[in-house]
Amino acid sequence: MRIMLISDFFAPYLGGVELQVQALAKALTAEGHDVIVATVWSKGLSREEVIDGVRLVRLKSLATMVPWFSGDPDRRYHPPFPDPRVGFGLRQLARKFRPDIVQTHGWIAYSCALALTGTGIPIVLSVRDYGYACATRNLLIDGKICSGPDLRKCLRHAGRVYGPAKGIAAVTAVMGLRGWLARRTSLIHAVSGHVAAIVRRDVLRAPTDDPVIVIPDIVIIPNIVLERKVPATGPGSWAAIVEKDDLPPGPYILFVGALQPHKGLGPLLAAYRLLKNAPHLILIGTRWPDTPVLPDDITVLSNLEHGVVMAAWEGCLFGVAPSIWPDPLPGVVREAMSLGKAVVASRVGGIVDIIVDDRNGLLVAPDDVPELAAAMQRLVDDQALRDRLGAQAKADVQTYNPTNIAARYQDAYDQTRDLATGGTP
């Protein structure tokens, strides 16, 4: 099968979506499929190259010419509406490659829908966050989970996040193009049950709450647990970082993720102060403009390679993922589980698709400091509990390996192609 994967970004960018698209491309190629990846070109990158055996094509966009839309001059973001230049490039690429199926991720999906209009090529729309319903993509407003789209509410919030002009453009596009995008989609892929529910509520319904005429099917396929590459020694290893940063000896509690309030840093730090005989707390992640002031006795590490982060998981006592926002499907939780580590996490978003309370981890209410502290204290005090939860977590997460997930995508592709050609799925 000829498969075109389209994404806002790809290597060398190493965000969650980029890593997932790269892992999927490698897995599908390993299964014998002909795969090509298309993404937006950024300054300093080649227009075409081969990465891990997968052909990559980068397309120039109008955002390249209008920096106001894209923000970072070294990383061009696709706007939440069709970019004619990207659309033209995708249509030309589709004519040459002749894909049987196209799977698109991120806001570049708008250009994909425009490019493939009238071609008969089925589109699988991958939903990995809330960007097709929420202009700020995280379904949060004033630090709380949003109840759903409302024009005035969305304009006010997006204006605070992006500024008035960008906020109006983003909200108008996202809300106005929901039905148009759905009608041009053959199948919607969601990474978790919660993401699928939000798609049904906020994307597949018009602003007046009247159903959209054409509603594509939704299939839930979780993300791949990325291959573990742990450097044991050398300047980039975890052991070298421990020595260089003079980290405290002994066990530690580990948080991995963006160092932002919506990831639950406030509740985590407050809960940590309530612990008795607390091990050291290590935070690994990227600092952002809204990163809070972090205490001096907490170790904060940034810009670590993925393999080093995996080594940090391997050495921790247990992990914490106290998200306040409805995290679609946090990869860090599955990575910790793959190494046999118990995780205390919030009962929100796609986390409940991964963790079953007291089976393979512990779940607590989001933003509930006493409950979070109590769960963390249980794992601090009870090695048998940590071992039991960690062992079950490692067993449960095996289903997220690249071969299994690629097979589920192949089934979805077959179903979509059969329906598009009038066959029987």
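Preceding this section is the structure that the text describes.
Residues numbered from 1 in each chain as written. Predicted model: local features only at pLDDT ≥ 70, side-chain atom pairs only at ≥ 80, totals over all residues. Heavy atoms only, no water.

Student: So what exactly am I meant to see when it comes to the sheet that holds strand β15 (residues 343-346) here?
Tutor: Strand pairing in a sheet relies on backbone hydrogen bonds, with the paired strands running either antiparallel or parallel. One open sheet holds the six strands; their spatial order is β13-β12-β11-β14-β15-β16, and the pairing between them is parallel. The sheet terminates laterally at β13 (299-301) and β16 (362-364), the two strands that pair on one side only. For this sheet, the mean angle separating the axes of adjacent strands, direction not counted, is 20°. Contacting β11 (252-256), β14 (318-321), β15 and β16, helix α15 (residues 369-381) runs over the sheet at an angle of about 165° to β16. (Pairing = 2+ DSSP bridges. Helix = DSSP H or I, 4+ residues; strand = E, 2+ residues; numbered from the N terminus. Axes fitted to C-alpha atoms, helices over the stretch in contact; angles between N-to-C directions. Contact = heavy atoms within 4.5 Å.)

Student: Help me understand the pattern of salt bridges in this model?
Tutor: Pairing between side chains of opposite charge can happen when the charged atoms of each approach one another. Scanning the entire structure with this criterion turns up 15 salt bridges. A salt bridge links R359 to D396, with the nearest nitrogen and oxygen atoms 2.8 Å apart. One end of the pair, R359, is in the loop between α14 (351-354) and β16; the other, D396, is in helix α16 (residues 383-396), with 37 residues separating them in the sequence. Here R359 falls in the partly exposed class, since its relative accessible area comes to 39%. Here D414 and R417 are joined by a salt bridge, their closest N and O atoms 4.0 Å apart. Residue D414 and its partner R417 are both found in helix α17 (residues 402-420); the two are separated by three residues, about one turn of the helix. According to the relative accessible area criterion, R417 is partly exposed, its value standing at 29%. (Salt bridge = Lys/Arg side-chain N within 4 Å of Asp/Glu carboxyl O. Buried < 20%, exposed > 50% of the residue type's maximum accessible area, 1.4 Å probe, protein only.)

Student: Whenever I open this one, the packing of aromatic side chains confuses me. Can you help?
Tutor: Here a ring pair, both rings aromatic, is described through the centre-centre distance and the interplanar angle of the planes. Under the counting rule described, the total for this entry stands at four aromatic pairs. Where Y110 meets Y132, the ring centres are 6.2 Å apart and the plane angle is 70°; that geometry is what we call edge-to-face. Of the two residues, Y110 is situated in helix α5 (residues 109-115) and Y132 in the loop between β6 (123-127) and β7 (140-141); the sequence distance between them amounts to 22 residues. What makes Y132 buried here is its relative accessible area of 5%. Here Y130 and W325 contribute two aromatic rings whose centre-to-centre distance is 6.2 Å and whose plane-to-plane angle is 90°, an arrangement assigned as edge-to-face. (Phe/Tyr/Trp six-rings, centres within 6.5 Å; stacked < 30°, edge-to-face > 60°.)

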